[in-house]
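# Structural characterization, general
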Amino acid sequence: MSASQSGSTTVFGRLERRGVLLGLSAAQLAAVGIAAAVAVTAVYSAGSGGLLVSAPLWVVLLVVGTVTVGGRPLVGWLPLMTAWRGRQLRGATSAARSTRVEHQPCTLTLPGVAGHLELVEEPALGGVLVVDRRAGTTTALLAVNASGFLLDDGSVQEHKVGAWGRVLAGVCQQSTIVRVQILVRTVPGGLTPARQWWRAHRGATGSRIAEAVSAMLDDGFVAAHRRETLLAVAARLPRGYRGGHRERLQPVVAQLDAVASSLRAADLNPSGWLNTARLAEVLTSAYDPQTAARREGLPCWSMPPADGVKERWASIVVGTAFHATYWVNEWPRSATHLGFLQPLLLGDTGTRVLSVIAEPLPTVRALREIRKAKVEHAADAAQRHRIGQIEDEATRAEVADLQRREAELVAGHADLRFTGLVTVSAGTETQLEDRCVALETAAAQAMCEVQRLVGQQGVAFLAGALPLARGVL
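Residues numbered from 1 in each chain as written. Predicted model: local features only at pLDDT ≥ 70, side-chain atom pairs only at ≥ 80, totals over all residues. Heavy atoms only, no water.

### Thoughts on the environment of E330
- Residue placement: E330 occurs in strand β16 (residues 321-330).
- In this structure E330 comes out as buried when scored by relative accessible area, which is 1%.
- In the structure, E330 is positioned 118 residues away from C448 in sequence and 5.7 Å away in space, judged by C-alpha atoms. (Helix = DSSP H or I, 4+ residues; strand = E, 2+ residues; numbered from the N terminus. Buried < 20%, exposed > 50% of the residue type's maximum accessible area, 1.4 Å probe, protein only.)

Structural data, given as structure tokens:
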């Protein structure tokens, strides 16, 4: 998914839905081809009677290859459901592992993540690096504060959006940057100053009134929420790195410093890279928001256990928290205002995480993919002309998007692949469904199409709710 800016509006590319031939994927063509082969064989062997006898087989294959349900062809549901059933039989949908930090050596264990993540405190950076040897990446998290956007006039908004675009362009120029993730989190909390003041001034602890006020503050009697923005940057792990060899990570540290400097130049205010304690707080609030809200402001943060992780078909349960992750399958199709995400970011006060993952594409690879897509569209156009089928407007829009992307690449611009994920959390299943309805309404107001993922909630939660810049594939 790509985007371009014009004046005070922005235009997004459409989700590509092309196939191998006539919009059909290879699996769909295989099903349709087998159906045709069965029908032809039946006609040649037994005439019309054979065609009728074999109808249950070739009709089912034809339906499987051509009918679409929930935006996905029936043949596309087969591998998803097979993988889901296989994970259920292996017990992979229920994680017995805990979320914890082990200090000797300093490693992080997360449910659903294979192996251990190594935590390396980097004094020069002032934060912690999360090293994933299996994925070959090292990730750092940066808290970012903005000076405001919605109340700015149009020219200031354009300047800020252009500055952010220059930040992403600079990231694309660094070949070792694998992925950038922007998270805007709305989580319970914000009562830390009140709790701290009360602990310092409540006086005798035996008072029944003091105990009642403490209980109200600890239980979140006031439904306070806070919003924060995090930027996660994942870079390739340097070759030859071994545990404890901090000097091997210095090139990564230099690149992360460059990212922070580019943010300052873009009128953003990075407030520092997250250390181990702050990382533990962020991860805890992602898994169990209510527990994190009650512990907010405590002097010592340790990773609480996240036992009882259970993945369902359309949700995931971690302890007493219920989560559901949506995929933004279509951004606004027409030119829209730069602040179009306001309903998603500021509408509901429930626990919600909007995550946008940007993966830089090498120019050579991007041009190769565009040329391949153009060849496929040309072949489809020729086939449609041969059979007398009219080309629809959606296909013409996809071709126009390809031409625009190619022109931008030739002009020297970088190419980014964007993925949008939104995770909704609640304390009960009923509350989760209510918040899902509120999210779908907010997405419609933002002119975005969202799709609740099924059979993939575990992977989607790791990619969308956790600020670790993990890939979605």
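### With respect to unusual backbone geometry
- With a phi close to 65°, M447 is a non-glycine residue in the positive phi region.
- Within the secondary structure, M447 is located in the loop between α13 (429-445) and β20 (449-452).
- Classification of M447 by relative accessible area gives partly exposed; the value is 42%.
- Located in the positive-phi region is A469, a residue other than glycine, with phi close to 50°.
- Of note, A469 is situated in the segment after α14 (457-464).
- In this structure A469 comes out as buried when scored by relative accessible area, which is 2%.

### Quick look at helix α4 (residues 154-172)
- If you check α4, its first and last C-alpha atoms are 27 Å apart, about what 19 residues at 1.5 Å a residue would give, namely 27 Å.
- Within the span of α4, buried status applies to Q157, K160, A163, V167, L168, V171 and C172. (Expected span 1.5 Å × (residues − 1).)

### Quick word on the pairing of strand β10 (residues 137-146)
- Burial analysis of β10 places eight of its ten residues in the buried class, the great majority of the element.
- Two elements, strand β9 (residues 127-132) and β10, share three bridges in a ladder whose sense is antiparallel. The partner of D132 across the bridge, within β10, is T137.
- What sits between β9 and β10 in their antiparallel hairpin is a turn of four residues, with G136 showing a positive phi close to 70°.
- Across five bridges, the pairing between β10 and strand β13 (residues 268-273) is antiparallel. Residue pairing in the sheet places V144 in a bridge with P270 of β13. (Pairing = 2+ DSSP bridges.)

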